[in-house]
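Fold and geometry: a report
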Amino acid sequence: MSDISLADFHLTMQVLDHLDAGIVILDKNYNVYAWNTFMQAYSGISTDQIMGKPLFDVVENLPESWLKNKISSTFKLRMRSFSAWEDRPWVFKFSNFSPISGGADFMYQNMTLTPLKSLTGEYTHICLTITDVTDIAKNKNHLRESNEQLTHLSITDRLTQLYNRGHWENCLVEEFEHYQQMHQPMTLVMFDIDHFKNVNDTYGHVAGDAVIKTIADIVRKAKRQSDIAGRYGGEEFGVILPGTTADMTSYFTERLRKKVERANVVVDGKTINVTISLGVCQLHPGITNYESWLEQTDSALYESKNKGRNQTTIMQANGKFTSLATNVKNINEFNRNIG
Ligand SMILES: Nc1nc2c(ncn2[C@@H]2O[C@H](COP(=O)(O)OP(=O)(O)OP(=O)(O)O)[C@@H](O)[C@H]2O)c(=O)[nH]1
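The residue numbers shown here count from 1 along each chain, following its written sequence. The model is predicted, so local features are restricted to residues of pLDDT at least 70 and side-chain atom pairs to those at 80 or more, both for listing and for counting; the totals for chains, interfaces and linings are taken over all residues. As a rule here, side-chain values cover all heavy atoms of the structure and leave hydrogens and water aside.

With that settled, consider the UniProt feature "domain: PAS" (unreviewed entry) in the protein. UniProt positions are given in the numbering used here, feature names are shortened, and annotations may be inferred rather than shown by experiment. Within this structure's numbering, the places UniProt gives as "domain: PAS" (unreviewed entry) are residues 14-59. Comment: elements are numbered from the N terminus, with helices defined as DSSP H or I runs of at least four residues and strands as E runs of at least two. Along residues 14-59, the helical share is 43% and the strand share 22%, with 23 Å between the first and last C-alpha atoms.

As a further point, take the packing of aromatic side chains. The rule is short: rings of Phe, Tyr and Trp, with Trp giving its six-membered ring, pair when the centres are within 6.5 Å, and they are stacked under 30 degrees, edge-to-face over 60, tilted in between. If you walk through the whole model with that rule in mind, you get ten aromatic pairs. Residues Phe176 and Trp293 carry aromatic rings whose centres are separated by 6.4 Å and whose planes lie at 45 degrees to one another, so their mutual orientation is tilted. Pair noted here: Phe176 is in helix H7 (residues 165-182) and Trp293 is in helix H11 (residues 290-306), with a separation of 117 residues, a long-range link. When sorted by exposure, Phe176 lands in the same class as Trp293, which is buried. Taken together through their ring pairs, the aromatic side chains of Trp35, Phe38, Tyr42, Phe92 and Phe94 make up a single cluster. Relative accessible area decides the class of each residue, using a 1.4 Å probe on protein chains only: under 20% of the type maximum gives buried, over 50% gives exposed, and in between gives partly exposed.

Its identity is not glycine, yet Arg78 carries a phi of approximately 55 degrees, on the positive side. With a relative accessible area of 56%, Arg78 lands in the exposed category. In the Ramachandran plot, Arg309 falls in the positive-phi region, its phi being about 70 degrees despite a non-glycine side chain. Considering the arrangement of structural elements, one finds Arg309 in the loop between H11 and strand E12 (312-315). The exposure class of Arg309 is partly exposed, given its relative accessible area of 28%.

To continue, consider the domain arrangement of the protein. Segment limits for the domains were obtained from an automatic or database-derived domain assignment. As assigned here, the protein comprises domain 1 (3-141) and domain 2 (157-338). Distance between the C-alpha centres of domain 1 and domain 2: 60 Å.

Gaps between atoms show up when a probe of the same size as a water molecule is rolled over them. Considering only enclosed or pocket space, the second largest pocket measures out at about 190 Å³ in volume. With a 1 Å grid laid over protein atoms only, a set of points is called a cavity when a 1.4 Å probe fits there but cannot get out and a pocket when it is open yet has protein on both sides within 12 Å along at least five of seven lines; lining residues have an atom within 4 Å of a point. As for the second largest pocket, its lining consists of Thr156, Gln161, Leu162, Tyr163, Arg220, Lys223, Arg224, Gln225, Asp227, Ile228 and Ala229. Ten residues, namely Ala, Val, Leu, Ile, Met, Phe, Trp, Tyr, Cys and Pro, are considered nonpolar, four, namely Asp, Glu, Lys and Arg, are considered charged, and the remaining ones, Gly among them, are considered polar. Here the lining of the second largest pocket is built from residues that sort into four nonpolar, three polar and four charged. Grid points are joined across faces, edges and corners, and a volume is the space filled by probe spheres set on the points.

What follows is about the site of the ligand. Residues are counted as near a molecule or strand when any one of their heavy atoms sits within 4 Å of it. Neighbouring residues of the ligand: 16 residues in total, closest His195, Phe196, Asp209, Arg231 and Arg309. In protein, a polar contact means a hydrogen-donor-capable atom and an acceptor-capable atom, both N or O and within 3.5 Å, with residues adjacent in sequence counting only if both atoms are side-chain atoms; elsewhere, any N or O pair within 3.5 Å suffices. Interatomic distance of 3.1 Å between a backbone N/O atom of Ile193 and an oxygen atom of the ligand. Elements with a contribution of two residues or more to the shell around the ligand: strand E6 (186-193), helix H8 (196-203) and helix H9 (205-222). Considered class by class, the residues forming the shell around the ligand number three nonpolar, five polar and eight charged.

Strand-to-strand pairing in sheets goes through backbone hydrogen bonds, with the strands running parallel or antiparallel. In this description, strands pair whenever DSSP reports at least two bridges between them. The five strands are arranged E2-E1-E5-E4-E3 in an open sheet whose pairing can be described as antiparallel. Since the sheet does not close on itself, it has two edges, and those belong to strand E2 (32-35) and strand E3 (81-83), each with one partner. Shown here is a sheet whose adjacent strand axes are inclined to one another by a mean of 20 degrees, direction ignored. Examined bridge by bridge, E3 and strand E4 (residues 109-117) share three bridges and lie antiparallel to one another. Following the sheet pairing, Ser81 is matched in E4 by Leu113. Note on geometry: axes are C-alpha line fits, over the in-contact stretch for helices, and angles between N-to-C directions span 0 to 180 degrees.

The next point concerns the packing of H9 against helix H10 (residues 246-262). Where H9 contacts H10, the two axes come as close as 10 Å, and the packing angle between them is 145 degrees. As for the relative orientation of H9 and H10, their crossing is right-handed in sense. Contact with H9, carried on its side by Ile215, Ile218, Val219 and Ala222, involves Phe252, Leu256, Lys259 and Val260 of H10 and no other residues of that element. Here the residues of the contact of H9 with H10 sort into seven nonpolar, no polar and one charged. In this scheme, a crossing is called left-handed if the near helix is turned counterclockwise away from the far one by less than a right angle; it is called right-handed if the turn is clockwise. We call two residues in contact when some of their heavy atoms are within 4.5 Å.

Turning next to the side chain of Thr160. Its place among the elements puts Thr160 in the loop between helix H6 (134-155) and H7. Look at Thr160 and you get buried, because its relative accessible area is 1%. Once residues within four sequence positions are removed from consideration, Thr160 is found in contact with Ile212, Ala216, Arg220, Arg231 and Phe237.

With that settled, consider the UniProt feature "domain: GGDEF" (unreviewed entry) in the protein. Feature annotation in UniProt places "domain: GGDEF" (unreviewed entry) on residues 184-317, given in this structure's numbering. Secondary structure content for residues 184-317 is 45% helix and 27% strand, while the C-alpha to C-alpha distance between its ends is 15 Å.

With that out of the way, let us pick up the confidence of the model for the protein. The predictor reports its confidence for every residue as pLDDT, a score running from 0 up to 100. On average, the protein scores 92 in pLDDT, and the residues at 70 or more come to 94%. Scoring of the predicted complex yields 0.76 for pTM and 0.95 for ipTM.

Take the nonpolar core next. One finds Phe191, Ile193, Val211, Ile215 and Leu256 to be the most contacted residues of the largest nonpolar core, which totals 31 residues. Looking at this core, the elements with two or more residues in it are E6, H8, H9, strand E8 (236-242), H10, strand E9 (265-267) and strand E11 (276-282). Counting residues per element, this core draws most heavily on H9, which supplies eight residues. Met39, Leu55, Leu128 and Ile130 belong to the second largest nonpolar core, which has 26 residues in total. For this analysis, a nonpolar core means a set of buried residues of the types Ala, Val, Leu, Ile, Met, Phe, Trp, Tyr and Cys, connected via side-chain atoms within 4.5 Å.

And the structure:
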């Protein structure tokens, strides 16, 4: 190297060493040609330990096959390429020392890969530029988590942790529209706690809340993952059962009714027992909007109340009510099945 180019190189290295980014230059065999101060400081590997050696022999925890692919395609395309922290949080696993971005265990990184030409005009080397984006990543992650929490709060009923009325009704509209396209069976269940005013009057509002919460827990356990449960009003709940006929729904409603009937809610040493009344309506082409699906299911629920409560009524497509006992062919076998 002539005196002038040695002086140039010396100046260039000073610039590289003072960059607030990692600079790694490799040849096509991944031998290290440059390893700046940033890389030394965060990796704990000095220039003497790594210069001229294959990168993957010296640096641990590198995503070797991914990085080799990335380098090879950058050489092929002869243009810069990038790796963003959103896709791959880190390439070099450096501990995070930044006091501002406390909480992150490692440094989030963006990486730029730049193919470098030799004096002959051939692409012979590649420069990896590593930037610390931990602050940006932490803020973005925090914002995303906050948004998720806000979304959860806006669709969830605080007492029961089931969907609140607004969101549940949106689901009902969606499922109704889905039925218009797919015509798969779909059934709606509405149910309401019997004589709940008496519970509040006898045991107090806090005990009433405990009863509502217990019933929500029973629904959560009794329903399938695909069933959509929500708190419709004070002591009224709704469950949408996609892909389920009214007959199949009987297994769910009867299991639910029995579990509620058997549940003991203990508040301040006092045991409270309640029952529920249920209405069921399978969607059919005669129901032209979701409001009337809801109304018909509600009317079945009020039929259960009128008939003495603690029972299920099914609204048939012909507009007639049937009770569970008349709807299920072999009620004894049915009862054995649901336990
Ligand atoms: N503890 C508690 N009570 C509530 C809540 N929301 C509504 N309620 C009460 O639920 C009771 C509902 O009473 P009603 O609509 O008369 O019905 P009911 O006494 O359950 O009688 P039936 O439905 O006819 O069996 C009212 O006393 C409301 O104050 C709530 O979030 N917590």
